[in-house]
Amino acid sequence: MLDCRIFDWLSARALSFSIQHNAHRDAETTVARHLLHLERIGDDIVFAGDDGRAACIEADCIWELHIRDRTRAQHHIIAPNLQACLLTAQHRLAASALRAVAA
């Protein structure tokens, strides 16, 4: 089950964020084509896990989390389920904060 406190954690570390679910269906396309489009327009995509792309395509399901962190860096995280998306974001933002402190 999803722990909703992660949204408070994310709010405290991000300037803004948005979540999308199955945005490919609005464009009446496939998950694979949607991902190719995002890459073509230059989005820096982070998949949840090594098989994240394949898992999204196989499940025909995509969760996207767009984050602008406190350093104004943008993160575009994609996973086949919301929990994986949020946990990947948590890991990524924690790592970004550590790099910022070290610099």
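Scroll up to find the structure.
As the structure is a prediction and not an experimental result, all values here were calculated from the model. (Residues numbered from 1 in each chain as written. Predicted model: local features only at pLDDT ≥ 70, side-chain atom pairs only at ≥ 80, totals over all residues. Heavy atoms only, no water.)

> So what exactly am I meant to see when it comes to the pattern of salt bridges here?
Side chains bearing opposite charge may pair, as long as their charged atoms lie close to each other. Counting across every chain of the model gives 4 salt bridges. Between Asp 60 and Arg 25 there is a salt bridge whose closest N-O contact spans 3.5 Å. Residue Asp 60 is located in the loop between α3 (52-59) and β3 (63-69), and its partner Arg 25 is located in the loop between β1 (14-21) and α2 (31-40); the two are separated by 35 residues in the primary sequence. (Salt bridge = Lys/Arg side-chain N within 4 Å of Asp/Glu carboxyl O. Helix = DSSP H or I, 4+ residues; strand = E, 2+ residues; numbered from the N terminus.)

> Got a minute to help me understand the nonpolar core in this structure?
Leu 10, Leu 65, Ile 67, Ile 77, Cys 85 and Leu 86 are the most contacted members of the largest nonpolar core, which totals 17 residues. For this core, the secondary structure elements donating two or more residues are α1 (5-13), β3, β4 (74-79) and α4 (82-102). No other element matches the 5 residues that α4 contributes to this core. Setting aside its immediate chain neighbours within four residues, Cys 85 contacts Trp 63, Glu 64, Leu 65, Ile 77, Ile 78 and Ala 79. Core analysis: the next-biggest nonpolar cluster, separate from the first, contains 8 residues, Val 31, Leu 35, Ile 45 and Ile 62 among them. (Core = buried A, V, L, I, M, F, W, Y, C linked by side-chain atoms within 4.5 Å. Buried < 20%, exposed > 50% of the residue type's maximum accessible area, 1.4 Å probe, protein only. Contact = heavy atoms within 4.5 Å.)

> What is the right way to read the pairing of β4 from this model?
Where a strand is regular, its side chains alternate between the two sheet faces. Here β4 lies mainly inside the structure; 5 of its 6 residues are buried. Note: strand β2 (residues 45-47) against β4, 3 bridges, orientation parallel. By the bridge assignment for β4, Phe 47 is matched with Ile 78. Strand direction decides the pairing type here: β3 and β4, joined by 6 bridges, are antiparallel. Residue pairing in the sheet places His 66 in a bridge with His 76 of β4. A loop of 4 residues connects β3 with β4, the two strands running antiparallel in sequence, and Arg 72 in this loop sits at a positive phi of about 75 degrees. (Pairing = 2+ DSSP bridges.)

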